[in-house]
Amino acid sequence: MEYKSPVYNIISVPIEKIQPNTYNPNAVAPPEMKLLYESIKEDGYTMPIVCYFYKDKDQYIIVDGFHRYRIMLEHKDIYEREKGMLPVSVINKTIDQRMASTIRHNRARGSHDVDLMSNIVKELHELGRSDSWISKHLGMDKDEILRLKQITGLAELFKDVDFGKSWRPVKEPKQ
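Reading the values: the criteria
- Residues numbered from 1 in each chain as written.
- Predicted model: local features only at pLDDT ≥ 70, side-chain atom pairs only at ≥ 80, totals over all residues.
- Heavy atoms only, no water.
- Helix = DSSP H or I, 4+ residues; strand = E, 2+ residues; numbered from the N terminus.
- Buried < 20%, exposed > 50% of the residue type's maximum accessible area, 1.4 Å probe, protein only.
- Contact = heavy atoms within 4.5 Å.
- Areas by Shrake-Rupley, 256 points an atom, 1.4 Å probe, with all protein chains shown as cover.
- Polar contact = N/O pair within 3.5 Å; in protein donor to acceptor, adjacent residues only side chain to side chain.
- Salt bridge = Lys/Arg side-chain N within 4 Å of Asp/Glu carboxyl O.
- Axes fitted to C-alpha atoms, helices over the stretch in contact; angles between N-to-C directions.
- Parallel < 35°, antiparallel > 145°, perpendicular 65-115°, else oblique.
- Nonpolar A, V, L, I, M, F, W, Y, C, P; charged D, E, K, R; others polar.
- Pairing = 2+ DSSP bridges.
- Patch = residues over 30% accessible without salt bridge, like charges linked within 9 Å, V, L, I, M, F, W, Y side chains within 5 Å.

Caption draft 1: Broad picture of the overall build of the chain. The helix and strand inventory of the chain stands at 7 helices and 5 strands. Counting helices and strands in the order they occur from the N terminus, the chain gives β-β-α-β-β-α-α-β-α-α-α-α. Each of the 175 residues in the chain was classed as buried or not, and the buried ones make up 35%. At a minimum sequence separation of 6, the contacts of the chain that also span at least 24 residues come to 73%. Element-wise, carbon and sulfur atoms account for 53% of the exposed surface of the chain, whose accessible area totals about 11600 Å².

Put into structure tokens, the structure is as follows:
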């Protein structure tokens, strides 16, 4: 079967059926939010919101595009012009893969809140993902993963770490 990118199947979804995810560490400063509003006001929505669809709940969970979603929620002129509908590209992935997709999308564009990023590393670890998996899927080197784990302060995150043996305590001679 030939692969077809999700962007070729954009659908129009009422904003009321769309919910943010609980793990997005991306933060946008007020000046950039104003610029995003101006961009959407002048150019319209040129990029879809990427979502996962929960069929049982008839609900879309944002993987990428939270701030574009916020613009419609916070600006009546945009909501009315778009008739409350957002362009959505649907991906069908597991929660760990959705988290990785969110991070990849965000890292390709900007910066992250360190505390939220460390929580994502913690959650992925709790889901059974190794440092190698996190490194590969989130585009982080092992030192960055280690620093983020240190922020959480949880010893559990270090249980599988193979620490180097280069330092050994030396007994001092008694005087």
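Caption draft 2: Summary view of the side chain of Ser 89. Relative to the helices and strands, Ser 89 resides in strand 5 (residues 85-90). A distance of 3.4 Å separates a polar atom in the side chain of Ser 89 from the backbone oxygen of Pro 6. In this structure Ser 89 touches Pro 6, Val 7, Ile 10, Pro 48, Ile 49, Val 50 and Cys 51, once residues within four positions along its chain are discounted.

Caption draft 3: The arrangement of the pattern of salt bridges in detail. A full pass over the atoms with the stated rule returns 8 salt bridges. Arg 70 is paired through a salt bridge with Glu 74; the nearest N and O atoms lie 2.7 Å apart. Placement of the pair is Arg 70 and Glu 74 together in helix 2 (residues 66-74), with a separation of 4 residues, close to one helical turn. For Arg 70, a relative accessible area of 24% gives the class partly exposed. Here Arg 81 makes a salt bridge to Glu 82, at a shortest N to O gap of 2.9 Å. On the basis of relative accessibility, which here comes to 22%, the residue Glu 82 falls in the partly exposed class.

Caption draft 4: Main features of the environment of Ile 18. By secondary structure assignment, the location of Ile 18 is in strand 2 (residues 18-19). As for Ile 18 and Leu 86, which are separated by 68 residues in sequence, their C-alpha atoms are 8.9 Å apart. With residues near it in sequence (within four places) discarded, Ile 18 still touches Val 13, Cys 51, Tyr 60, Ile 62, Tyr 69, Leu 86 and Val 88.

Caption draft 5: Main features of the packing of helix 5 (residues 114-126) against helix 7 (residues 142-152). Between helix 5 and helix 7, whose axes approach to 8 Å, the crossing angle comes to 95 degrees. Considered as vectors, helix 5 and helix 7 are oriented roughly perpendicular to each other. Residue-level contacts link Val 114, Asp 115, Met 117, Ser 118, Asn 119, Val 121, Lys 122 and His 125 of helix 5 to Ile 145, Leu 148, Lys 149, Ile 151 and Thr 152 of helix 7. Looking at side-chain class alone, the contact of helix 5 with helix 7 contains 6 nonpolar, 4 polar and 3 charged residues.

Caption draft 6: Spatial organisation of the sheet that holds strand 4 (residues 59-64). Across the sheet, 5 strands lie side by side as 1-5-3-4-2; this open sheet has mixed pairing. At either margin of the open sheet sits one strand with a lone partner, and together these are strand 1 (11-14) and strand 2. Sheet topology note: the strand 3 (residues 49-54)/strand 4 ladder contains 5 bridges and is antiparallel. Bridge pairing in strand 4 links Tyr 54 to Gln 59. Contacts from helix 2 reach strand 2, strand 3, strand 4 and strand 5, with the element oriented near 125 degrees to strand 4.

Caption draft 7: Examining a nonpolar patch on the surface more closely. Taken together, Val 7, Tyr 8 and Ile 10 make up a surface patch of nonpolar side chains, about 320 Å² in accessible area. By the element assignment, Ile 10 lies in the segment before strand 1. Overall, Ile 10 belongs to the partly exposed group, its relative accessible area being 38%.

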